[in-house]
Each structure stands twice: as structure tokens, then as C-alpha cells.
Amino acid sequence: WLGSRSRLLESKWFLIQAGEEAQTPIAVRSVFQLGAPLPRLDAKYASNQLSDDDVEERDTEVMTWLLDAFGQEILDAGEDEGLEIFVGGESGTLDLQRGHANAVLVSDLRWLVASFAFVLLYLMWSTRSFWLSLFAMLMVFSCMFPSLFVYRFLFQQTYFGILQVLAIFILMGIGADNVFVVLDTHSQTVAQHPELTTFQERMSVTLRHAGKAALCTSATTFFAFMANALSSFPAIFTFGMWCATLVAVNFVLVCVYYVAVIAVYDAYFSKKKPCGCCPGGMSKKAVDDTAPGADDALSRGEKFFQDRFAPFIIKARIPLVVVFVALYVVFGYFALQMEPDPEPPNILPSDDPFGGYRTQLSGNFMGDDADLNKVKVQLVFGLDKDKPIDREGTDYSDPSDKGTIGWYNMSRLLRFNATDPEDGLNPEITEFQLFLANLCDDLQREQQARTALSIDQDVLGANPAIKCFMWSFKEWIVAQGRLAEFPFKTSRTFSSALQEFFDAPVSATERYSEQGASTNGQVWRSMLFRNAESTEDHQIIITIEAKLSASRGMPYQEGQALAERWDKWFEDYKADPAKGYPDTMKGTGVVLDGGFFHYYYLQGTLISECYSGIALSLFLAALVLLLATQNIIIASVATATITFIVASTIAFAYFLGWKLGILESVVFVMIIGLAVDYCVHLADAYIQCDKETREERVIFMLRRMGMSVMSGACTTIGSSFFLLFTTIRFFQKFSNTILWVICMSLFTALFFFSALMALVGPNGTTGDVPIMAYLAKLVSGKPKAASVTTAKDCEAAPPIDPQNVG
């Protein structure tokens, strides 16, 4: 369609020399202006016949052609010539970068298959059962359907973006972790309690321990994501709601659906020989109802944690704690150096041919149309000053639901409809024309105002810093010999003169250039906008634009201060009687910024919400830990461990050169839910042992849950590892963060948490806070019987040899 019927409207080449004496350019820029369709062709796509479906079909067709015409073939040709080529272009809703990103996103999602395959194979290796592994993965993905129902109808959310896709990788890790806890606890129950002869009895014991641990980890992860749900940013709070829903649904399915899967396995498959491709694992232990003793039923991994690892932790507990405290201080210092990201989020990496286009354009070409980093401010008339956009009742998570424009009635000043009656002389019309002309002159000439407002200096050969159509309009009036008519006395004569000016060809002396423009209307169409879809004359917007010397990469505090200076200056200027601002225009005149000032306030909000979200998540995690462990010492140690992981993760991001953006803000709050899992499992095992000394309980804790947390970490690491090979920056950052968090969580739980428990862990009932028993007493008037693990559960923990632990 476009390839055969397009026309080249204009082509331009620009180059930047390496130096004044250099002959070889370091950057060359080619601009192609394409127009389609040609006159009298493709009537289907004529602007007055387009439906919404036609627009979508047209845009898809054009985007496909553009990506093909300016895509891989050109890039390959440049590579053959030793050139690094970057491509970009946009028109209306078409954006080459966005179209390329959508194609890359589809390609990157193929790595989801690799993650799925890895987790499935690891489950098969660990369980020696294709049945248990396959249905574990099916359970993880089946969480999507009830979660979608809750997300859509309970939370009333419709947005589903890239961050929601990332949740699938988190879910695979969390779901597999809960599966390992249930399976390991069930296999240990079978081995240590041969007197339990029925599946119901064994699963009852299993769920009392594993269900509690899974509930605690799911609750902390749920609240961590819900802390994101309190954000004011749609992309963040919808992600928090979605992930929190997935975690809750996954817990329910583990306790209901997967228990049924284990029941079928126990009844029909447990006595059969495991598949040859899955050596090792829990199959033998899980079905060995006649195990002679708990110690004989231990796997090699459990024996390692009991006989080697636990004695090492107990012996080296003081040096380990000292090392981790020192690391705590170092990580905390660098975490506090984290700064907000001054750049808007870019979905593609900077070395991508499409993703790096804007950076290369701004870095090498300083023309007005190329300098994308310069802040531009628009003084706009025609919008309601108090509510320029009415977003009441809109869906903030829906990018297409932008609200309603708050028009200000401009019909007293401009009337373009020929059928409207002449309104007669109106002094406010002359006042407004003079006000606009003087406003432009003052912005251009008053050095004090230019300095305070950071207005850029004019550069020879480039467009002026002040973009004001009134200058060109007055020059056109002079050229027409009509200077005596200015300012025009009625709205009709003013509007008619403007229409004639817009239809006239561009003057050779025009100070402001626009690529491909042949008439004044094409040059200034963005400065005077009339809503063509409305028959009402008052829906008109007049704009004066100023390019600033300030870059969008300035610190957000400076950007906010600059925005406040502009707001104050403009309000004071309009209120000055000497400037002659018409009384009927008092309700309009706003400062807009094309998103620059908005992003400065966004950065400040991101920082405050990120750290408040972390604090809220830590508080909720500590509360859940206290309720789950009912021991103030264990809850405090676990909370300190989680804080260490959070500080290390933010410091890790700082070392990588990251800034605090939307994705980082999401992840930093989310990591608390991921960091708590392994500490909770170990803490629960510590509590379940009825031995008196902390050393014996640490040995039991590591023996019982060491392999479970290792297995859970392996699945999450494996599912996230493949994201390192993707192109989308969100995926890469997410993968780096999750890999670090999981590795640090595992390392910290096994070494720091275990060493702290061996050093200050409670002996006996020290530090117990029987919250649940107290609540039960308040409700029923009777104390609740404490549930403790029998001596048989801990009998596999051998007595402590003083010579081994020192």
C-alpha cells in the first residue's frame, strides 16, 4: 500500500564534523519526508472516511511497511560498511520505536518457554515424578485465570502491560517454592512418622507445618505487593494488585489443588519406579513408610546440612555476624546514594538501532527539531486555568482514557464560522492582540526574565528560542500593506486575517522553519489549534512556546523550582495592569511543559513512594513474622535480615549505574516479599523443634529446611536467568534484580540469619509472645492449647559435641 504509492516529499542530510579542521564527519543524519496515499488513490484511507477499525488497520499496515523498509536491511547494509545506524520516525500515532519494541517484546517472550522448561526439568529431577512436576507447573499457570477474574471484577482494573508479563516469572519461582516446601515436609512426615498409615493423617501433619510456612511467606509477599498497590502511578499500583492477587491465588491452589495432586500420586504412582531421567530426589523417602529411623531416611543434602554446615555456622557465628554487620553499613551507605532517573523510561537499550535514536539525535545534532533534551514551555490560552483537563471518572490505568479537555470560551475573540453574525467593535479583541505581541517581545527582550526563566539564547542558523506566531503575522500584515488595520477591531476581521495568513505561502524571511511546510498554516499549526471536530467557535487554543537552556536531565529539585518560577511569573505578568490582559480572559492562560515539568514532580513522588513503600512493607513483614513465629527475638532477627537484603539490592543497583525509575521503584518494594521467604522457612523449623538449646535447634532448622530453600532458590534463579538474554530493558533489569535478591536471600538466610540464631536465638520459650493463644482466650474465654513438635520430630538432631562447635 505505502510502498508502491508513497511519495518522497523531502529529503535532507546533515553532518557533524569531528573538528574545525577535520574532513571526516562523525555523524551523518538523513531525513526522509514520506507522504501517502497519493491523491485519488486508496479512498478507503481518506481522512473523512476513517473509522476506528480503519485507523487501526491503516496504522498496522503502515508500521509493518516502515519497519521493513527502514529495518534490518538498512542496518545490515550499515554494518557491512562499518557504520552504526540508528533509525527513528513518528507521525501521529505511528512511532517506529514503539512498533519495533512491540516486535522485540514478542520475541523476548519466547524465553518464557525456556524458563518453563528449566523449572519443569528441575522439579522432575528433585521429585523423580513427572506427575508431580507437570501438575505443579500447570498449577502455577492456572493461577492466571482466577487472578484475572479478581483483578478485573474485584479490583476493577483492565490494564495489562509489560510489568504484568514479568509477574509470570515471579510466579514460577514463588509457586515452585511452595511446592518444594509441601513436598519436602510431606516426605519428612512419611519418614519420621511411620505410625501415620493413611494419607489423610500424613497430609494433616504436613499442612500444619508446610501450610503455616507457606501462609507466612505468601502473606509477606502479598503485603509487599500491596504496598505497591498504594502508589499513585497506574503502572505501579496495577502491578501491585496483579501480583498480590497471583500470590493469594497460588497459596489457595497449593493447599487445595496440589494436595489433590499429591493424593493421586500417593494412591497410584508412589509405588512405581521413578522415571530414569530423574535421578535422586524425594521419591524413595516419600514412600518409604517402613523407614527404620529418621536418620536413615535423611538425604545426602540433609546430612550435609546436619553434619557439616550447621556445626560450621555454630562455630563461626561471631565472625559471621561481624562480617555481615560491616557489609550492612557499606550497603546502607551506597543505597543512600541512589538518585532518581532524570530520563524517561526507555524500553529499548541505548545500543539498539531504534532505542538509541533519540539519544544519538540529541547528542550530535543541536538543531531545534533535534535537540530533544531541551525543556520547552508552552503558554497556552483557550484552556480552563483551573481544570485544563477533566479526568473525573476516568480510568487512570487506561492510557487511552485521557479525560475531557476543559475548553475556555474564546468566541468573543475569534470567530471562524462564516455564518456567525458580526459582533461589532470589541476593545478586548485589540487588547488581546497587543497582549500576545507584547508577551512575545518581553520574553525575547527582557534579560532579567530570560535569566530567571532559563530561556535559551538564540543560535545563528537555528530556530529562535521563542516561537511566536504573532511576529510572523505582523510581518505578513506589513507585507500586505495592512499595518493600519492592526490591531483588528472585531473578532470577525481578526479571524479572517488569521485565516488568510495561514493560507498564504511561507515568506522567504520567515524566521521559524518547519520541515516540509509550504504555507504559514503548516508552520504554525501547533501554535493555533482549532478543534475541527466541533462546530463551536470557542474550542480554540493559542500557544506561545519558549525553549529553555535547561536540560531535562537536571536534578528534579531544580526542575520543580523552575516550574514554580514559570507559574509565578506568568500569573504575575497577567495580573499586571500595564500588560493589558483582557478581563474576560482571566480564566485561561496556563503553563504547560510537554511532560518535562511533570516528570520532575514524578521523580520526587517516585522517591518518596519508594522509601515509604519499603518502610510499609518492612513493617507489615515484621508484623506477619511476629504473628507467625509468636517470638519477638526470631521476628526481630528475621526483620534485620530482610533489611540487609533490601540495602544490598539498592546498593547493587547503584553499583550498576542505575537510577531510581518506575521499574526500580516497583522492584525495591517488591524485594521484601521475595527476601522474606527463606528466613520464614528457617524460622518456622526453629520453632517446631522442642529442644531447649539454640545450637540443637539451629542444627534441626538447617537439616529440615536447608534443602527446601536451596531448591526454591534454584527454581527462581532458573526462571529469571533466561531474562538476561532478552532485549527489553525492563526484562534485563528485572532479571538482574531478581537474581541478586534470590542469591542474597539464600546466602543471607543460610549464613547471617543462621549465625544470628546460633548467637542470640531463643532458648526454650525465651522471647515467646503467645499472640494467638491470647486472642483465642479473648474470643472463647479459654486459653488455646499450644501446638509443639514432638520429640520424635527433633530426634534426628544429634547432641552437640563441644569439640566441634567450640
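Keep in mind the model is a prediction, meaning the values are calculated, not measured.

S.K.: Is there a simple way to think about the pattern of salt bridges in this case?
M.R.: Following the criterion strictly, the structure yields twelve salt bridges and no others. Between Arg482 and Glu485 there is a salt bridge; the shortest N-O distance is 3.2 Å. Judged by its relative accessible area of 17%, Arg482 is buried. The salt bridge involving Arg482 is made with Glu500; its shortest N-O contact spans 3.1 Å. Of this pair, Arg482 sits in the loop between α17 (469-479) and α18 (491-503) while Glu500 sits in helix α18; the two residues are 18 residues apart in sequence, bridging distant segments of the chain. The network of salt bridges with shared partners includes Lys385, Glu571 and Lys574.

S.K.: Sorry if this is basic, but what is going on with a negative patch on the surface here?
M.R.: Taken together, the side chains of Asp76, Glu79, Asp80 and Glu81 define an acidic patch exposed on the protein surface. Examined against the element boundaries, Glu79 turns out to sit in helix α3 (residues 72-80). Looking at Glu79, the relative accessible area reads 60%, which means it is exposed.

S.K.: Which parts of the structure should I look at to understand the environment of Ile632?
M.R.: You can see Ile632 is positioned in helix α22 (residues 632-655). The exposure class assigned to Ile632 is partly exposed, which follows from its relative accessible area of 42%. For the pair Ile632 and Val769, spaced 137 residues apart in the sequence, the C-alpha separation amounts to 6.6 Å. Excluding residues within four positions of it along the chain, Ile632 makes contact with Leu626, Gly767 and Val769.

S.K.: Would you mind going over helix α8 (residues 162-192) with me for this structure?
M.R.: Residue pairs three or four apart in sequence face the same way in an α-helix, which turns once every 3.6 residues. Here α8 is 31 residues long and its end C-alpha atoms lie 46 Å apart, about the 45 Å a rise of 1.5 Å per residue gives. The buried fraction of α8 amounts to 31 of the 31 residues, a majority that puts the element mostly inside the structure.

S.K.: I keep staring at unusual backbone geometry and nothing clicks. Help me out?
M.R.: A negative phi angle is the norm for most residues apart from glycine, just as the trans form is the norm for most peptide bonds. Of note, the amide linkage connecting Phe486 to Pro487 takes the cis form, showing an omega dihedral of -5 degrees. Its place among the elements puts Pro487 in the loop between α17 and α18. Although it is not a glycine, Gln156 sits at a positive phi angle of roughly 60 degrees. Examined against the element boundaries, Gln156 turns out to sit in the loop between α7 (144-154) and α8.

S.K.: Help me out: how do you make sense of the packing of aromatic side chains in this one?
M.R.: To describe a pair of aromatic rings, one takes the distance between the centres and the angle between the planes. Applying the stated criterion across every chain, the model contains 50 aromatic pairs. An angle of 75 degrees between the planes, with centres 5.5 Å apart, marks the rings of Phe222 and Phe223 as edge-to-face. On the basis of relative accessible area, Phe222 is assigned to the partly exposed category, the value being 25%. Here a set of aromatic residues connected by ring pairs shows up, and it is made of Phe304, Phe305, Phe309, Phe324, Tyr328, Phe331, Phe644, Phe747, Phe751 and Phe752. Directly above the aromatic system of Phe570 lies the positively charged group of Lys574, at a separation of 4.7 Å from the ring centroid. Over the face of the ring belonging to Trp658 we find Lys733, whose NZ or CZ atom lies 5.3 Å from the ring centre.

S.K.: Would you take a moment to explain a nonpolar patch on the surface for this structure?
M.R.: On the surface, Ile318, Val322, Leu759 and Val760 cluster together into a nonpolar patch covering about 320 Å² of accessible area. Put simply, the parts of the chain that give the nonpolar patch at least two residues each are α13 (317-335) and α25 (729-760). Its location among the elements puts Val760 in helix α25. Judged by relative accessible area, which is 38%, Val760 ranks as partly exposed.

How each quantity is defined
Residues numbered from 1 in each chain as written. Predicted model: local features only at pLDDT ≥ 70, side-chain atom pairs only at ≥ 80, totals over all residues. Heavy atoms only, no water. Salt bridge = Lys/Arg side-chain N within 4 Å of Asp/Glu carboxyl O. Buried < 20%, exposed > 50% of the residue type's maximum accessible area, 1.4 Å probe, protein only. Helix = DSSP H or I, 4+ residues; strand = E, 2+ residues; numbered from the N terminus. Patch = residues over 30% accessible without salt bridge, like charges linked within 9 Å, V, L, I, M, F, W, Y side chains within 5 Å. Areas by Shrake-Rupley, 256 points an atom, 1.4 Å probe, with all protein chains shown as cover. Lys, Arg positive; Asp, Glu negative; His and termini not counted. Charge placed at Lys NZ, Arg CZ, Asp CG, Glu CD. Contact = heavy atoms within 4.5 Å. Expected span 1.5 Å × (residues − 1). Phe/Tyr/Trp six-rings, centres within 6.5 Å; stacked < 30°, edge-to-face > 60°. Lys NZ or Arg CZ within 6 Å of the ring centre and 35° of its normal.

By themselves, these are just geometric observations and shouldn't be taken as functional.
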